[in-house]
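Chain and residue survey
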Amino acid sequence: HGRAVARVARWLRLDASILVPSDMSEARRKALSDEGARVTVIEGPYDTAVDASKKLGGPTALVVSDTSWPDYETVPRWIIEGYSTIFAEVDEQVATAELPPYDLVAVQVGVGALAAATVRYLRDPRAKIVGVEPDRADCVAQSIVAGRPVSLPGGQDSIMAGLNCGTPSRVAWPELSSGLDASIVIDDDWAREGVRALAQAGVVVGESGAAGLAGLMAIRAHASPEVAEAVGLRSDASILLLATEGATDPDAWTEIVGAPPGASEIGSDRR
């Protein structure tokens, strides 16, 4: 999200200031500055950076956030609408390739904007939708249990850095609370397994981007056949995974996989 904002600002010859939490890796910060943005590190977790961004809007400054708060909902709604482009493109490619329609979607959840777009696009319902969160940043799962949006105490420190969010988006919550068929919470080891499995298939995806696959792998390993069937994870299921990032922290990706991105052979003994 930050890179997209920075790049469009550069195209439009506008200044971009991106606020990031203090635990963001140097590689991810550099990717933002390489797009021409001014990167400001806010001491604390993601939610603290969000709080700092709330103070920046004004006559000459537009806040572009994918989460929302009271009196700031229009732009986050546009972002959810924009995510629907993903599904329009997927449907076009599925039809062109004459693939079977997907009947299960695994979507990673941070504040919930992408997951809300998934629910909205597939409201028919055309497919089962499984939300996947880190066990140290499961604000949406805990909100579903509570029946209302809740904020997690303290900071969130999963390696699934793009999902380290402590509060669901206000504008995403109605879609999430009514539209997810299941909510799965996984630990970082499962994220690593997802990264390795995708690397084995020749696809370079970071820890947050691999969360959807990791969640389904965890269900397959630990859930009963009845639970797997209930969430749509059948042996003949056509599954859509949303890989939302590449190796945005190459050093971390290399540590997980055992070879750098772009290596010709990736751990052939791994399954």
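To be clear, the structure that these remarks concern was listed above.
First things first, this report covers the structure right here in the doc. Note that this is a predicted model, so its numbers are computed, not measured.

This part covers a nonpolar patch on the surface. Taken together, Val8, Trp11, Leu12 and Leu14 make up a surface patch of nonpolar side chains, about 460 Å² in accessible area. Looking at the secondary structure, you find valine 8 in helix H1 (residues 2-11). On the accessibility criterion, valine 8 (39% relative accessible area) is partly exposed.

Turning our attention to the sheet that holds strand S3 (residues 104-108). With respect to topology, four strands assemble into an open sheet ordered S5-S4-S3-S6, the strand pairing being parallel. Pairing within the sheet leaves two strands with one partner each, and these edge strands are strand S5 (182-186) and strand S6 (239-241). On average, adjacent strands in this sheet sit at an angle of 25° to one another, irrespective of strand direction. Inspection of the sheet shows strand S4 (residues 128-134) paired to S5 by five bridges, in the parallel sense. Within S5, the position partnered with proline 134 by the bridge is isoleucine 186. The sheet strands contacting helix H5 (residues 113-121) are S3 and S4, and the helix crosses S3 at an angle near 160°.

For the structure shown, the criterion picks out two aromatic pairs. A ring pair is formed by tryptophan 69 and tyrosine 72, whose centres lie 4.3 Å apart and whose planes are at 15°; its orientation type is stacked. Each member of the pair, tryptophan 69 as well as tyrosine 72, is classed as buried. Ring geometry for phenylalanine 87 against tyrosine 121: centres 5.4 Å apart, planes inclined by 25°, an arrangement best described as stacked. One end of the pair, phenylalanine 87, is in helix H4 (residues 74-96); the other, tyrosine 121, is in helix H5, with 34 residues separating them in the sequence.

Glycine aside, residues mostly have negative phi angles, and peptide bonds mostly take the trans form. If you check the backbone angles, aspartate 71 has positive phi at about 70° while not being a glycine. With respect to the helices and strands, aspartate 71 occurs in the loop between helix H3 (46-53) and H4. With relative accessibility at 83%, the residue aspartate 71 sits in the exposed group. Even without being glycine, glutamate 98 reaches a positive phi, approximately 55°. In this structure, glutamate 98 sits in the loop between H4 and S3.

Right, let's talk about the side chain of arginine 28 for a bit. Assignment of secondary structure puts arginine 28 in helix H2 (residues 26-34). Excluding residues within four positions of it along the chain, arginine 28 makes contact with Ala161, Glu207, Glu245, Thr248 and Asp249.

Two numbers describe how helix H8 (residues 188-200) lies on helix H11 (residues 250-257): the axes approach to 9 Å, and their chain directions differ by 85°. Looking at the two axes, H8 sits roughly perpendicular to H11. Judged by residue contacts, Arg192, Val195, Arg196 and Ala199 of H8 engage Trp253, Ile256 and Val257 from H11. When grouped by side-chain class, the residues that make up the contact of H8 with H11 number five nonpolar, no polar and two charged.

Another point: the pairing of strand S1 (residues 17-21). Pairing between S1 and strand S2 (residues 38-42): five bridges, direction parallel. Following the sheet pairing, valine 20 is matched in S2 by valine 41. Taking the sense of rotation as the criterion, the β-α-β connection linking S1, H2 and S2 turns out right-handed.

Rules used in this analysis
Residues numbered from 1 in each chain as written. Predicted model: local features only at pLDDT ≥ 70, side-chain atom pairs only at ≥ 80, totals over all residues. Heavy atoms only, no water. Patch = residues over 30% accessible without salt bridge, like charges linked within 9 Å, V, L, I, M, F, W, Y side chains within 5 Å. Areas by Shrake-Rupley, 256 points an atom, 1.4 Å probe, with all protein chains shown as cover. Salt bridge = Lys/Arg side-chain N within 4 Å of Asp/Glu carboxyl O. Helix = DSSP H or I, 4+ residues; strand = E, 2+ residues; numbered from the N terminus. Buried < 20%, exposed > 50% of the residue type's maximum accessible area, 1.4 Å probe, protein only. Pairing = 2+ DSSP bridges. Axes fitted to C-alpha atoms, helices over the stretch in contact; angles between N-to-C directions. Contact = heavy atoms within 4.5 Å. Phe/Tyr/Trp six-rings, centres within 6.5 Å; stacked < 30°, edge-to-face > 60°. Parallel < 35°, antiparallel > 145°, perpendicular 65-115°, else oblique. Nonpolar A, V, L, I, M, F, W, Y, C, P; charged D, E, K, R; others polar. Right-handed = clockwise from strand over helix to strand, strands pointing away.

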